[in-house]
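# Residue-level structural notes
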Amino acid sequence: SIGVGMKTALFLSLIVGAFALNNGLARKPQMGWNSWNHFHCGVNETLIQDTIKTLANNPRLRQAGYNFVNVDDCWAGFRDSQGFVHADPSTFPSGMKALADFAHSHALYFGLYSDAGYKTCAGRPGSLGFETNDAASYAMWNIDYLKYDNCNNDNTAPEVRYPVMREALNHTGRRIFYSMCEWGVDNPATWAPTVGNSWRTTGDISDNWDSMISRADQNDVWYKYAGPGGWNDPDMLEVGNGGMSDTEYRTHFSLWCLMKAPLLIGCDITKMSSVTLDILTAPEVIAVNQDSLGVQGNKKVSVGGNEVWSGPLSGNAFVVALVNRNTNSQTITAKWTDIGLPNRSFVVRDLWARRDLGTFSNSFQSSVAGHGTVLVKLTPA
């Protein structure tokens, strides 16, 4: 029989899905690569081409499901006298359609960035007042994804500005994934499901433990609002950028997968280490993120820096994360009653090690390294 927790999760999934933006996209959280976290404004045509080739030719990244290559801020150069935006000719001389076509020729999707303000965060041309023109350009260039930021705006509410671009994108007739980046300032989870395919719930992430874990906390507040078609976004991945330990990066990736967050790689994949590749392509961890039930897991217990997060998965299964916010090793226990599970036996599988740990009744306990996470799947025995 289905437990109370699963019934509630199914109900939430159905309710959220009923109000999600109906463009047929984002049935699962998006996966891909974005330029900002590592390169910031240091982007150019050659770098993006090299990234496309690396992603296309790395069988582990492709098999894992990463299929978007998204250029963040600093690609736009100027707006012409007719009000149409053009790529910076010094860094993208072939233009953005050529890059989109290059990505498509490698069986990948291609995304761009703009801003619901007069200028982007880096001072490039924004889309406020030019939404129809810019959406038409994106469609003409065969763009598949738009990240839409919130800098340099006219002080009107995001609830006013962001639907304008939604309508402009829809009017083109091209299905373009709409990733809203208004930093969570107006609680977008409460209104964005009818506007975008994902919405930022936080400010920008930085490549350190405190920033990462605080983004997880902020995103967790809105877990009930995510579902197929629209996802909470605690910002892009920092895995591989060097500011955290491998243990901390595994916690970062574990929580993003449990929270059904977008998985957008933010490091230089042309030079990443084997450990970074192992983290970013962990198949059973990613399977949690891409699970067909589409219910965001959330924090259930937090005592003295020891936390238990969990959420339902398809097949009457559950994911459980034992998260240690302390710097020293801790023993953490997940009690079925604390996380809404029936008092029955479950087969517990370690998703990072990809091995079964045994059958457990009523609780599961494990030692967890400082700033580490033990991520397990519970399947009815």
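Heads up: the structure comes first, above all this text.
This section reports on the structure supplied with the text.

Thresholds, definitions, all that
The residue count restarts for each chain, going from 1 along the sequence in the order it is written. With pLDDT at 70 or above as the cut-off, local features in this predicted model cover only qualifying residues; side-chain atom pairs require 80 or more to be listed or tallied, and sums for whole chains, interfaces and linings still use all residues. In computing side-chain properties, one takes all heavy atoms of the structure into account and sets aside hydrogens as well as water. Helix numbering and strand numbering both begin at the N terminus, where a helix is a DSSP run of H or I of at least 4 residues and a strand a DSSP run of E of at least 2. We call a residue buried when its accessible area falls under 20% of the maximum for its residue type, exposed when it is over 50%, and partly exposed in between, using a 1.4 Å probe and counting protein chains only. The disulfide criterion is simple: two cysteine sulfur atoms within 2.5 Å. For two strands to be treated as a pair, DSSP must find no fewer than two bridges joining them. For every element, the axis is a line fit to its C-alpha atoms; helices are fit only across the contacting stretch, and the angle between N-to-C directions ranges from 0 to 180 degrees.

This brings us to unusual backbone geometry. Phi at Asp 235 takes a positive value of approximately 95°, unusual for a residue other than glycine. Mapping Asp 235 onto the fold places it in the loop between strand E9 (231-233) and helix H9 (246-258). By relative accessible area, Asp 235 is classed as buried at 3%. For Asn 362, which is not glycine, the phi torsion reads 75° and is therefore positive.

Considering all chains together, one arrives at 2 disulfides under this definition. Between the sulfur atoms of Cys 41 and its disulfide partner Cys 74 the distance amounts to 1.7 Å. Taken together, the residues Cys 41 in the loop between helix H2 (36-39) and helix H3 (45-57) and Cys 74 in the loop between strand E2 (68-70) and strand E3 (76-79) connect sequence positions 33 residues apart. Here Cys 74 falls in the buried class, since its relative accessible area comes to 2%. Between the sulfur atoms of Cys 121 and its disulfide partner Cys 151 the distance amounts to 2.0 Å. Taking the torsion about the S-S bond as the criterion, the Cys 121 to Cys 151 disulfide, at about 90°, is right-handed. In this pair, Cys 121 is assigned in the loop between strand E5 (109-115) and helix H6 (131-140) and Cys 151 in the loop between strand E6 (145-149) and helix H7 (158-172), connecting sequence segments 30 residues apart.

Let's shift gears to the sheet that holds strand E13 (residues 317-324). Taken in spatial order, the 6 strands of this open sheet run E11-E12-E13-E18-E15-E16, and their pairing is antiparallel. If you trace the sheet from one side to the other, it starts and ends with strand E11 (298-303) and strand E16 (355-361), each paired once. Shown here is a sheet whose adjacent strand axes are inclined to one another by a mean of 25°, direction ignored. Relative to E13, strand E12 (residues 306-313) is paired through 8 bridges, and the arrangement is antiparallel. By the bridge assignment, Ser 310 is partnered in E13 with Val 320.

The values are spatial; any link to function lies outside them.
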